[in-house]
Amino acid sequence: LMGCTPVSSSTRRHVFTRLYEESKLKQKRQEQREEAAAEAELNAFSSTRKVISPKRATALYERSMRMKAEQEKKREKAESSVQNTYSPKPSKKVISRAKDVNDVQMRAAERLYSSDHLQRRDERLEAEKSVVEMDGCTFSPQLVTKQKSSSANGPAVHHRLYNKASTKKEAFL
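The structure presented is a predicted model; accordingly, all values stated were derived computationally and were not measured. (Residues numbered from 1 in each chain as written. Predicted model: local features only at pLDDT ≥ 70, side-chain atom pairs only at ≥ 80, totals over all residues. Heavy atoms only, no water.)

Novice: Whenever I open this one, the overall build of the protein chain confuses me. Can you help?
Specialist: Along the backbone of the protein chain there are six helices and zero strands. Ordered by position from N to C terminus, the α and β elements of the protein chain give α-α-α-α-α-α. Burial status across the protein chain gives 1% buried among its 173 residues. For the protein chain, the computed accessible surface area is about 17600 Å², with 57% contributed by carbon and sulfur atoms. (Helix = DSSP H or I, 4+ residues; strand = E, 2+ residues; numbered from the N terminus. Buried < 20%, exposed > 50% of the residue type's maximum accessible area, 1.4 Å probe, protein only. Areas by Shrake-Rupley, 256 points an atom, 1.4 Å probe, with all protein chains shown as cover.)

Novice: Whenever I open this one, the pattern of salt bridges confuses me. Can you help?
Specialist: Side chains that carry opposite charge are capable of pairing whenever their charged atoms lie near each other. Evaluated as defined, the whole model comprises four salt bridges. Linking arginine 18 and glutamate 22 is a salt bridge whose minimum nitrogen-to-oxygen distance equals 3.3 Å. Remark: glutamate 22 and arginine 18 occur in helix H1 (residues 9–48); sequence separation between them is four residues, near one turn of the helix. Here aspartate 122 and arginine 121 are joined by a salt bridge, their closest N and O atoms 3.6 Å apart. (Salt bridge = Lys/Arg side-chain N within 4 Å of Asp/Glu carboxyl O.)

Novice: It is not clear to me how a nonpolar patch on the surface should be interpreted in this structure. Could you clarify?
Specialist: On the surface, a cluster of nonpolar side chains totalling about 280 Å² of accessible area is made up of Val15, Phe16 and Leu19. Summarising the element assignment, leucine 19 is placed in helix H1. On the accessibility criterion, leucine 19 (45% relative accessible area) is partly exposed. (Patch = residues over 30% accessible without salt bridge, like charges linked within 9 Å, V, L, I, M, F, W, Y side chains within 5 Å.)

Novice: Honestly, a negative patch on the surface in this entry has me stumped. Any pointers?
Specialist: Side chains of Glu31, Glu34, Glu35 and Glu39 sit close together on the surface and give a patch of like negative charge. Turning to its location among the elements, glutamate 39 is positioned in helix H1. (Lys, Arg positive; Asp, Glu negative; His and termini not counted. Charge placed at Lys NZ, Arg CZ, Asp CG, Glu CD.)

Novice: Explanation requested: the confidence of the model for the protein chain in the structure shown.
Specialist: For any part of a model where pLDDT is low, the fine detail of the predicted coordinates should not be relied upon. Of the residues in the protein chain, 76% have a pLDDT of 70 or more, and the chain-wide mean is 79. Summarising per-element confidence for the protein chain, the mean pLDDT is lowest in helix H3 (residues 92–97) (64) and highest in helix H6 (residues 157–172) (89). (pLDDT = per-residue confidence, 0-100.)

Novice: Help me understand H6, please; the structure alone is not making it clear to me.
Specialist: Every α-helical turn comprises 3.6 residues, leaving residues that sit three or four positions apart pointing alike. With 16 residues, H6 should reach 22 Å at 1.5 Å per residue; the first-to-last C-alpha distance of 23 Å fits that figure. Of all the 16 residues making up H6, zero are buried; the element is thus mostly uncovered. (Expected span 1.5 Å × (residues − 1).)

Here you go:
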């Protein structure tokens, strides 16, 4: 801080006080501008607002409620008339073979939902699935089951082992 002149404490206080007062003045002006803008906006709104009589307000309210009720009735009527009315019809070829259309539809439903039909369909799908799974396989093992132990055919295991050990012992002696 060479070449700077020392500043006295009273001068420093004077500078801080001046800056503080300027800041307060700016803040006050800003608040006044915001208040004036809010008041102008309020005046603009109130000048465009129309005042109507209570009778007129009641009439408008009742009219809107009637319109709402009419719209609700129209919507309910439309919903009730748009229920599921579609019913598939068999072809003319099928109808010509059958005596009655309802008979054809009933037989198809019985066939599709019968337990025998469902079981055959499941078996067919499983067979198709196994064929598709085995389609690219090059190895197909053939399992050979072993016969049960010879103990069923001959003496028990401990007797066989004892006899075998005895013959080896005699041969050794």
